[in-house]
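One-letter residues, chain by chain:
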Amino acid sequence: MTKTREAVPPSLAEGIKIIKEFAAGLPLDPGVYRMLDKNGEALYVGKAKELKKRVQSYTRARQLTVRLARMVAETVRMEFTVTATEAEERLRSGSERST
């Protein structure tokens, strides 16, 4: 059995750069965010009371666990949904995880 691997692993620095670019235009409103890989698959769906602050937390490399660093390195795109309330945010993040 042959196992294939990517020749070059995803770059944490590149993932942080991508996330910073997306975070720059975010409001401080509550909402749901999705971190997507190169195939458009969701790496993570999260909710936040303040989207901008939560997403920016992924750009602090020294504070990331190994699991989070790997997720950030694989992130090539993000999607956001601003919600009117935290209750709506919880409903949206739950329904998006189950799809």
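Thresholds applied
Residues numbered from 1 in each chain as written. Predicted model: local features only at pLDDT ≥ 70, side-chain atom pairs only at ≥ 80, totals over all residues. Heavy atoms only, no water. Helix = DSSP H or I, 4+ residues; strand = E, 2+ residues; numbered from the N terminus. Buried < 20%, exposed > 50% of the residue type's maximum accessible area, 1.4 Å probe, protein only. Areas by Shrake-Rupley, 256 points an atom, 1.4 Å probe, with all protein chains shown as cover. Core = buried A, V, L, I, M, F, W, Y, C linked by side-chain atoms within 4.5 Å. Contact = heavy atoms within 4.5 Å. Pairing = 2+ DSSP bridges. Axes fitted to C-alpha atoms, helices over the stretch in contact; angles between N-to-C directions.

What to know about the overall build of the protein chain
Thinking step 1. Summing up its helical and strand segments, the protein chain has four helices and three strands in all.
Thinking step 2. Tracing the protein chain from N to C terminus, the helices and strands come up as α-β-β-α-α-β-α.
Thinking step 3. Taken over 99 residues, the protein chain has a buried fraction of 34%.
Thinking step 4. Roughly 6,600 Å² of accessible area belongs to the protein chain as shown, and the carbon and sulfur atoms make up 51% of that amount.

What to know about the nonpolar core
Thinking step 1. The biggest cluster of nonpolar side chains holds 16 residues, and the ones touching the most others in it are I19, Y33, M35, V55, Y58 and V72.
Thinking step 2. Of all the secondary-structure elements, those providing two or more residues to this core are helix 1 (12-24), strand 1 (31-36), helix 2 (51-56) and helix 3 (66-74).
Thinking step 3. When residues in this core are grouped by element, the largest group, four residues, is from helix 3.
Thinking step 4. Once you skip the residues sitting within four places of it in the chain, Y58 turns out to touch I16, I19, Y33, M35, Y44, L64, L68, M71 and V72.

Some thoughts on the environment of M71
Thinking step 1. Mapped onto the elements of the fold, M71 is located in helix 3.
Thinking step 2. Note: C-alpha distance between M71 and L43 (28 residues apart in sequence) is 6.7 Å.
Thinking step 3. With residues up to four places along the chain from it excluded, the contact list for M71 reads M35, L43, Y44 and Y58.

Quick look at the sheet that holds strand 1
Thinking step 1. Within the open sheet, the three strands sit side by side as 2-1-3. Their pairing is antiparallel. The open sheet has two edge strands with one neighbour each: strand 2 (42-48) and strand 3 (77-82). Ignoring which end each strand starts from, the neighbouring axes of this sheet average 15° apart.
Thinking step 2. Examined bridge by bridge, strand 1 and strand 3 share six bridges and lie antiparallel to one another. Bridge pairing links M35 to M78 in strand 3.

Some details on the pairing of strand 2
Working note: regular strand, side chains alternate between the two faces of the sheet.
Thinking step 1. As judged from the six bridges shared by strand 1 and strand 2, these two strands associate in the antiparallel manner. The residue of strand 2 that forms the bridge with R34 is V45.
Thinking step 2. Counted between consecutive antiparallel strands, the loop separating strand 1 from strand 2 contains five residues, among which G40 sits at a positive phi close to 80°.

Regarding helix 3
Side chains of residues three or four places apart in an α-helix project in the same direction, reflecting 3.6 residues per turn.
Thinking step 1. Listed in full, the buried residues belonging to helix 3 are L68, A69, M71, V72 and A73.
Thinking step 2. On the buried face of helix 3, the contacting elements are helix 1, strand 1 and strand 2.

By themselves these figures say nothing about function.
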